Amino acid sequence: MMKHLPNALSISRILLALALLPIAYFGETLGTAFMIVYVSAGLTDMIDGPLARKFGWTSKIGANLDGTADYFFIAVALVTIVPALGLNALSIGIVIGFVAIKVIGMIVGYLHYSQLMMMHTRLSKFGALVAFFVPIVFVITGVDANIIFIFLGAYVYTFLLEEIAINIVMPYPKRDINGIFEALKLRKEHQKKDA
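One structure accompanies this document, and this report is about it. The structure presented is a predicted model; accordingly, all values stated were derived computationally and were not measured.

### Concerning the packing of aromatic side chains
Right, so step 1: Using the criterion set out here, one finds nine aromatic pairs in the structure.
Right, so step 2: On the numbers, 4.8 Å between centres and 85 degrees between planes, the contact of Tyr25 with Phe26 is edge-to-face. Summarising the burial analysis for this pair, Tyr25 and Phe26 share the class exposed.
Right, so step 3: Between Phe34 and Tyr38, the aromatic rings sit 6.5 Å apart at their centres with planes inclined by 10 degrees, giving stacked as the arrangement. Residue Phe34 and its partner Tyr38 are located together in helix H2 (residues 32-55), separated by four residues, close to a single helical turn. In this structure, Phe34 and Tyr38 share a single accessibility class: buried.
Right, so step 4: An aromatic cluster is defined as three or more aromatic residues linked by ring pairs; in this entry it consists of Phe34, Tyr38, Phe73, Phe132 and Phe133.

Criteria and cut-off values
Residues numbered from 1 in each chain as written. Predicted model: local features only at pLDDT ≥ 70, side-chain atom pairs only at ≥ 80, totals over all residues. Heavy atoms only, no water. Phe/Tyr/Trp six-rings, centres within 6.5 Å; stacked < 30°, edge-to-face > 60°. Buried < 20%, exposed > 50% of the residue type's maximum accessible area, 1.4 Å probe, protein only. Helix = DSSP H or I, 4+ residues; strand = E, 2+ residues; numbered from the N terminus.

This is the structure in structure tokens:
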């Protein structure tokens, strides 16, 4: 029964993300109720994968469920939080660029592997953690979110472009990968086996 806990956490992230929609619509986006649900959803993301790996409860279904839950959470966060941050045109352009590059990466992965690839690189994990804290920092400090997005943008573009590069060079799909250098090493090893 416990082996299903990571999947239950991923499912709860989807449900919590969906709960943000009516809270944002009927309540106050970035208000107390919203932030409690937002942080709870984020915590499920920080716990499900490490828990599954630690106890050997990983599965292809679990990996796909985790990725799907991530995309639900990100999509809901974008449509609820971004409008509440008072972003200027440059920051909105940065957000649109994030989404466009992520979609391109998913298309490249699908064309290469005939399946959707939801990468978990070191850069992307750190970027997701930083992005998760943006609304929290905004609520606590009141700092101009546009400043955060300009600095965050450069980093996020770096890891999204790395994901595209990994999808191009990796000879086979691998979701959990340290980064491009590991992908290049695996490609070289795969080429030696084929030679």
